Amino acid sequence: MRILGIDPGYAILGYGIVEMKGNHFEVCGYGAVTTEASMEMPDRLKCLYSSLTEIIAQYEPEVASIEELFFNTNTKTAIMVGQARGVAILACVNSGMEIAEYTPLQIKQALVGYGRAEKKQVQNMVKTILNLKEVPKPDDTADALAAAVCHGHSANSNKRLSKAMKLR
């Protein structure tokens, strides 16, 4: 199963593509789509959409794992990130992909085993699980790979659960 992980953002949108074979992950590619602060928001969204569409065409993932929106106090930023997230979902849906959404807590739980883990712990687990020489930069890229790994673990668990239920 080929999984596209997405950490949504309007200035930096992290992406990571992993191939899951059994319980093993292979990295296909990762990076970040960036937009300039001087760009108008509609142009930033257009850039995110077209770039993500190209990435999807290049890597041909089957499913997208997208981090759900989390914010504390800055409502304006949350709305802007929400728009970028919507554009990412649209690019995936228009490409015929299945969408899975996970909270930051679920992603941390899947990678570290603790939902309140520190960012550094998650990044180090991404490096370890994916057998990388170093933690991917920028942080948004590591977060996107974490979302992809989270879905791989969840999809695998769901498959085993379905199989067990059929045996009953």
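Coordinates for the structure precede this section.
Residues numbered from 1 in each chain as written. Predicted model: local features only at pLDDT ≥ 70, side-chain atom pairs only at ≥ 80, totals over all residues. Heavy atoms only, no water.

K.L.:
Please explain the pairing of strand E2 (residues 12-21) as it appears in this structure.
P.N.:
Residues in a regular strand project their side chains so that they alternate between the two faces of the sheet. Most of E2 sits out of view: eight of its 10 residues are buried. Of the pairings in the sheet, the one linking strand E1 (residues 2-7) to E2 comprises six bridges and is antiparallel in character. In the strand pairing of E2, aspartate 7 is matched with glycine 14. In this antiparallel pair of consecutive strands, E1 and E2, the connection spans four residues. Summarising the sheet, E2 and strand E3 (residues 24-34) pair through 10 bridges and their orientation is antiparallel. (Buried < 20%, exposed > 50% of the residue type's maximum accessible area, 1.4 Å probe, protein only. Helix = DSSP H or I, 4+ residues; strand = E, 2+ residues; numbered from the N terminus. Pairing = 2+ DSSP bridges.)

K.L.:
Can you help me understand the environment of valine 126 in this one?
P.N.:
Inspection of the secondary structure puts valine 126 in helix H4 (residues 119-129). We classify valine 126 as buried; its relative accessible area is 0%. Residue contacts for valine 126: discarding those within four places in its chain leaves Leu111, Leu132, Pro136, Ala142, Leu145 and Ala146. (Contact = heavy atoms within 4.5 Å.)

K.L.:
Whenever I open this one, the nonpolar core confuses me. Can you help?
P.N.:
Soluble globular proteins: nonpolar side chains tend toward being buried together. Of all hydrophobic cores here, the largest spans 24 residues; its most connected members are Leu4, Ile6 and Leu52. Secondary structure elements with two or more residues in this core: E1, E2, helix H1 (41-59), strand E4 (63-67) and helix H2 (75-94). Ile3, Val18, Phe25 and Ala146 belong to the second-largest nonpolar core, a separate cluster that totals 20 residues. (Core = buried A, V, L, I, M, F, W, Y, C linked by side-chain atoms within 4.5 Å.)

K.L.:
Before we go on, may I ask you to explain the pattern of salt bridges in this structure?
P.N.:
Between side chains of opposite charge, pairing is possible as soon as their charged atoms come close. Taken as a whole and judged by the stated rule, the model has five salt bridges. In this structure, glutamate 19 engages arginine 2 in a salt bridge whose closest nitrogen and oxygen atoms are separated by 2.7 Å. In this pair, glutamate 19 is assigned in strand E2 and arginine 2 in strand E1, connecting sequence segments 17 residues apart. Given a relative accessible area of 23%, arginine 2 falls into the partly exposed group. Of the charged contacts, one joins lysine 137 and aspartate 139 as a salt bridge, the two residues approaching to 3.5 Å between their closest N and O atoms. In this structure lysine 137 comes out as exposed when scored by relative accessible area, which is 54%. (Salt bridge = Lys/Arg side-chain N within 4 Å of Asp/Glu carboxyl O.)

K.L.:
Could you clarify how one ought to interpret unusual backbone geometry in this entry?
P.N.:
For residues that are not glycine, phi is negative in most cases, and the peptide bond is trans in most cases. Residue proline 138 is reached from lysine 137 by a cis peptide bond, and omega for that bond is 0 degrees. Its location among the elements puts proline 138 in the loop between H4 and helix H5 (139-167). Located in the positive-phi region is glutamate 60, a residue other than glycine, with phi close to 50 degrees. Within the secondary structure layout, glutamate 60 lies in the loop between H1 and E4.

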